[in-house]
Structures are given as C-alpha cells and as structure tokens.
2 protein chains.
Amino acid sequence: MSAQHIVRSFDKELDYLAKKIAEMGKHARHMVERSISAIVQDDSFLADRVIAEDIVLDEAERDIDEKAILIIALRQPMAVDLREIVGTIRMSADLERIGDMGKNIAKRVAAMTEIRQSASFYKNLEAFASLALRQLDEVLDAYAKQSLERIDAVREHDDEIDAMYTSLFRELLSYMVEYPSNITVCTHLLFCAKNIERIGDHATNIAETVHYILTGYYPLSERPKDDQTYEVGLDKKRIFQKNV
Amino acid sequence: MSAQHIVRSFDKELDYLAKKIAEMGKHARHMVERSISAIVQDDSFLADRVIAEDIVLDEAERDIDEKAILIIALRQPMAVDLREIVGTIRMSADLERIGDMGKNIAKRVAAMTEIRQSASFYKNLEAFASLALRQLDEVLDAYAKQSLERIDAVREHDDEIDAMYTSLFRELLSYMVEYPSNITVCTHLLFCAKNIERIGDHATNIAETVHYILTGYYPLSERPKDDQTYEVGLDKKRIFQKNV
C-alpha cells in the first residue's frame, strides 16, 4: 500500500482490509488477556463474556474473506497488491484462531474453580501469555508499519516461547506426580499452556505472511516452532532434574 | 464444476485443484493412520517417517493457494466457480492441519516408549482415530460427488466424536489419579486424543466449506463441535461415576 493507485476506491478497499486486520488483532488480544484474568481471578462471569465474544472474530474473518475475494475478482490486482490481499485472508484465519485459543482457555475456568492452585502456577501462566501476546503485538505493529526488519526480530522470540512452555509443562507434570489429587486441574492448565503456545505459533504464521507480502517469498529458514515437550520423557528423576 | 465452460483450459484448472485436494486428503489420512500405528506398535522408525512426510502437505497447500489466486486474478470467475476456488483454499488449509495433527501424534512416540500402557488404551485411541478418519473420508467423498445430502449426514457424526473424546479423556484422567507413575505417558496420550478430536473439527470445517460451495452459504445451525471435557471437573468421585 506504499504507492497510491490511480483508482482511489481501490486504495480505500485495501485500507479497509488492513484496518479490519488491525481490529481483529486487538479483539483477539483482548479475548486472550481476559481469558487468563478469568482463570487467575476465578471469574466465571468474565469467562462467559470472553466465550460469547468469539463470534465477532468469526464474522470479521468471513467479512475479510468475502471482501478480499471480491476485490481480486473485480480489480485483478498484481504483485504486491495481490499479495497484500491474499495475505489478509491468511492473517484473518490466524487471528480468528488466536481468538479461539482465548475462548478455549475461558471455557476451562468452570472446571478449575473447585480447587485453587498455588499462586505461582497462575503467575507463570500469566507471564507465558504476556510473552505470546507481546509476540502478537510486535507482528501486528510490523504489519502496520510494513517493516521487514521488525518481522525478522519477531521470529527470534520463538525460542523464548518454546523454552517457557517446556518449563511450564515440566512444572505442571512434576506437580501432578507429587500431588495426584490435583491431576484434573493441572491437566486443564496444561491445555491452557498448550493454547498459549499455539498463539505464539499463529503470531509466527502472521510474521511469515507479512514477510511474504513485503518480499514475495516466505522466509527460507525453518523456524524452530516445535513443541519441545515431546521430549519430556517418562523418567520422574529426569523431569525433576531438568525442572530445577 | 457440473457444467462445462466455454474455455476448456478453465475446466482443466478447476479439475487440477479438485484433484490436488483429493491427494492432500489421502496423504493427510495416511499420516494420521500411521502415526497411530507408530504409537500402538511403539515404532519410532515409522513415527520419524510420518514426521518427515509433513512437508508434502505444506507444499501442496502453497501450490493450491498460488494456483487458486492466479485463476481468480486471470479468469475472474463468478458464482459457483468462485466459491469452488475459494473453497479449495480453505480446504487445503484444513487438510494441511490434519497432517500436522498426525505429525504431532508421531512426535509423541519417542516420549512414550519407556512405559507401555495396557492394550485397552491403545485400542480406544485407535478406535477414536478411526472414527475421526471415517468422518474425513465421508466429507472428501461428499466433495468429490458434490453431494449436499452426504454433507448433512457427515455433520451428524460430530456428536459421536465428542462423546468418544470425553470418555477417553475421563478414562485417562482416572487412570492418572490411580497410577501417578503413569502421569507423563497419559498426558501425552491426552494430547494425542485432543489432536484426534481436532481432526474431527477440521473434517467439520471442510463439510461446511463444501456446503458453502454447493449452496452459496454456510450451514446455519451452530454445530455442537465443542470439546465437552471442559466440563470434566475436579471431583474425583464425579470422574469415576461418569466414567462407568
């Protein structure tokens, strides 16, 4: 969208898509943030509101898809414009899924109210969510500013998210081994942690899409996005040792 | 694709996309099937092969995206053709993610080799995967035959998948409570079960996309696709009671 087009209404259409993406990003962020608050504060009223708001993102995604397809069909855009439009279709799908993660987390609040965990669990989960949301903020900022440099910087944070997820996973597992009465709630917390890890993955997807919009190709290097907890084996001692 | 177009090459392009979707479906199915075999048979060699094959779906998705966008830009298709092309973009994303689920399951094999569970766990996981894959088969068949009736039938199986997931979830939880030494491996099995449940969700997404292609709108009734395990609370007795 750097240069203006001869047809002004085309610029307006592209602006509309970019604005919608920014709105979706804000909404998705807000949902995730409040789903975590609902867990930390054991607030099922807030959780219900987060769940109810998911539909906003579903509709926004459909709206972007329809508008984008119409623009492609009517304007036959080429090069960077075409990539920009296709990119918004991809980004809206990722943002919709980030909202889903918030909804999933909020849904677990009801199952976790009976037994409260030690404050440290919630703190770590909160810190982990903040990290993933910071990643999302940065990638949306890079998109708004069309900055390739910022995009490359974002992708470097993937490792931090993976490391924090692995540490949280281990912590919860060893806690379950020590206190089997907390197994159910810890299982729900494990799924919450997994949801947050996936938010990081979606932020990385968006970063790759922005890279594609700006350059015409996807970043070459395989990002190290994999869930490292696959390696968390069965040996109790190993869990505790690595968890120190 | 029911009626032929005046421009023959346009038909060929649409055929190419439909064929690619069918290929992706077969590949994704094969990956999931073998990831489950790798777990049941504790075959890390097979697991590694499944993990390595994921790239095929990544490339197929990108290929479909690029071709679809090109066709839209060059041919300016309208109505059902446009929906067909947009639909392939959506379906390829869902199929790529189903392959990811297979890869995720395969990755857990390494963490589960040390302690083997009772055969019944693997049997239930296998049965659950078969159910989800049958759902995928039916939806791909409905797409190939452009049959709205079949699509509606597929969506009715969602409940079966949810019920089976909830039962597996409860079974694993109560097993963890009884035998805390198996917590780690059961946690990995829980994530496998969650992956299979998500395969069912993706199959439902595809069913909705086919519905959209054939009719021009998405099915109205909200499908009951949600993970019912959110309700699995903390009370041990409740788990066991409901698990009978």
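Residues numbered from 1 in each chain as written. Chains lettered and ligands numbered in written order. Predicted model: local features only at pLDDT ≥ 70, side-chain atom pairs only at ≥ 80, totals over all residues. Heavy atoms only, no water.

If you tally the helices and strands in chain A, you get 9 helices and 0 strands. Each helix and strand of chain A, ordered N terminal to C terminal, gives the series α-α-α-α-α-α-α-α-α. Expressed as a percentage of the 244 residues in chain A, the buried residues total 59%. Across chain A, the fraction of contacts at a sequence separation of at least 24, relative to all contacts at a separation of at least 6, is 80%. Accessible surface, chain A: about 10400 Å² in total, of which carbon and sulfur atoms supply 53%. (Helix = DSSP H or I, 4+ residues; strand = E, 2+ residues; numbered from the N terminus. Buried < 20%, exposed > 50% of the residue type's maximum accessible area, 1.4 Å probe, protein only. Contact = heavy atoms within 4.5 Å. Areas by Shrake-Rupley, 256 points an atom, 1.4 Å probe, with all protein chains shown as cover.)

Residue and element names in this part refer to chain B. Inspection of the entire model under this criterion finds 26 salt bridges over all chains. Taking the shortest distance from any N to any O, the salt bridge between Arg34 and Glu53 comes out at 2.4 Å. Here Arg34 is found in helix α1 (residues 8-40), whereas its partner Glu53 is found in the loop between α2 (44-52) and α3 (54-75), with 19 residues between them in sequence. Under the relative-accessibility criterion, Arg34 is labelled buried at 12%. Between Glu197 and Lys194 there is a salt bridge; the shortest N-O distance is 3.1 Å. Highlighted residues: Glu197 and Lys194, both in helix α8 (residues 183-215), separated by 3 residues, approximately one helical turn. With respect to burial, Glu197 and Lys194 carry one shared label: buried. (Salt bridge = Lys/Arg side-chain N within 4 Å of Asp/Glu carboxyl O.)

Let us now look at the interface of chain A and chain B. At the junction of the two partners, chain A supplies 49 residues and chain B supplies 48 residues. The junction of chain A with chain B conceals about 4400 Å² of combined surface from both sides, 62% of it contributed by carbon and sulfur atoms. For the interface between chain A and chain B, the tally reads 2 salt bridges. Of the charged contacts in the structure, one is a salt bridge between Arg90 of chain A and Asp65 of chain B, with a shortest N-O distance of 2.7 Å. At the junction of chain A with chain B, the criterion picks out 2 residue pairs in polar contact (both at pLDDT 80 or more). Of all the secondary-structure elements, those providing two or more residues to the side of chain A that touches chain B are α3 (54-75), α4 (79-112), α7 (158-178), α8 (183-215) and α9 (236-243) of chain A. (Buried area = accessible area lost by both parts, 1.4 Å probe. Polar contact = N/O pair within 3.5 Å; in protein donor to acceptor, adjacent residues only side chain to side chain.)

Take unusual backbone geometry next. All names here are of chain A. For Asp42, which is not a glycine, the phi torsion comes out positive at approximately 55°. One can find Asp42 in the loop between α1 (8-40) and α2 (44-52). What makes Asp42 partly exposed here is its relative accessible area of 28%.

Residues and elements named next belong to chain B. Mapped onto the fold, Ser147 is located in the loop between α5 (119-144) and α6 (148-156). By relative accessible area, which is 16% here, Ser147 ends up buried. Ignoring any residue separated from it by four or fewer positions in sequence, one finds Ser147 in contact with Ala142 and Leu214.

All names here are of chain B. With respect to the helices and strands, the residue Ala119 is situated in helix α5. A relative accessible area of 59% means that Ala119 is categorised as exposed. It is 8.4 Å that separates the C-alpha atoms of Ala119 and Val40, two residues lying 79 residues apart in sequence.

With respect to the helices, strands and loops of the structure, Ile36 of chain A is situated in helix α1. Leave out the neighbours within four places in its chain, and Ile36 of chain A touches Ile105, Leu125, Glu126, Ala129 and Ile196 of chain A.

For these two chain copies, the linking operation is a rotation about an axis paired with a shift along it. Turning chain A through 180° and shifting it by 0.0 Å along the axis lays it on chain B, with an RMSD of 0.0 Å. One copy is carried onto the other by what is essentially a two-fold rotation axis. (Least-squares fit on C-alpha atoms with pLDDT ≥ 70 in both.)

On to the packing of α2 of chain A against α4 of chain A, then. All names here are of chain A. Direction vectors running N to C along α2 and α4 enclose 150°, while the axes themselves pass 8 Å from each other. In this view, α2 runs roughly antiparallel relative to α4, as classed from their interaxial angle. The handedness of the crossing between α2 and α4 comes out as left-handed. Listed contacts from α4 to Ser44, Ala47, Val50 and Ile51 of α2 are Gly102, Lys103, Ala106, Lys107 and Val109. (Axes fitted to C-alpha atoms, helices over the stretch in contact; angles between N-to-C directions. Parallel < 35°, antiparallel > 145°, perpendicular 65-115°, else oblique. Left-handed = near helix turned anticlockwise from the far one by under 90°.)

So, about α8 of chain A. The end-to-end C-alpha distance of α8 of chain A is 48 Å, a good match for the 48 Å that 33 residues give at a rise of 1.5 Å each. Just downstream of α8 of chain A, Gly216 of chain A is the residue with a positive phi angle, here 95°. (Expected span 1.5 Å × (residues − 1).)

To continue, consider the nonpolar core. Soluble, globular proteins show a tendency: their nonpolar side chains are buried together. Residues Leu125 and Val139 of chain A together with Leu125 and Val139 of chain B are the most contacted members of the largest nonpolar core, which totals 146 residues. The residues contacting Leu125 of chain B, other than those within four sequence positions of it, are Ile36, Ile39, Leu168, Leu189, Cys192, Ala193 and Ile196 of chain B. (Core = buried A, V, L, I, M, F, W, Y, C linked by side-chain atoms within 4.5 Å.)

The next thing to look at is the confidence of the model for chain A. Residue and element names in this part refer to chain A. Mean pLDDT for chain A: 85, with 87% of residues reaching 70 or above. Taking the mean pLDDT of every element in chain A, the minimum, 33, falls on α9 and the maximum, 96, on α2. A low-confidence stretch, residues 234-244 stays under pLDDT 50, and its non-local contacts, those more than four residues away or across chains, total 25 contacts. The ipTM value of the predicted complex is 0.76, and its pTM value is 0.83. (pLDDT = per-residue confidence, 0-100.)

The next point concerns the packing of aromatic side chains. In the structure shown here, the tally under the stated rule is 9 aromatic pairs over all chains. Between Phe128 of chain A and Tyr165 of chain A, the ring centres sit 6.1 Å apart and the planes meet at 15°, which makes this aromatic pair stacked. Taken together, the residues Phe128 of chain A in helix α5 (residues 119-144) and Tyr165 of chain A in helix α7 connect sequence positions 37 residues apart. Summarising the burial analysis for this pair, Phe128 of chain A and Tyr165 of chain A share the class buried. An angle of 35° between the planes, with centres 6.1 Å apart, marks the rings of Phe169 of chain A and Phe191 of chain B as tilted. One end of the pair, Phe169 of chain A, is in helix α7; the other, Phe191 of chain B, is in helix α8, on a second chain. Cluster of aromatic residues (ring-pair linked, three or more members): Phe128, Tyr165, Phe169 and Phe191 of chain A together with Phe128, Tyr165, Phe169 and Phe191 of chain B. Looking at Arg90 of chain A, its charged tip hangs above the ring of Tyr212 of chain A, at a distance of 5.4 Å from the centre. (Phe/Tyr/Trp six-rings, centres within 6.5 Å; stacked < 30°, edge-to-face > 60°. Lys NZ or Arg CZ within 6 Å of the ring centre and 35° of its normal.)

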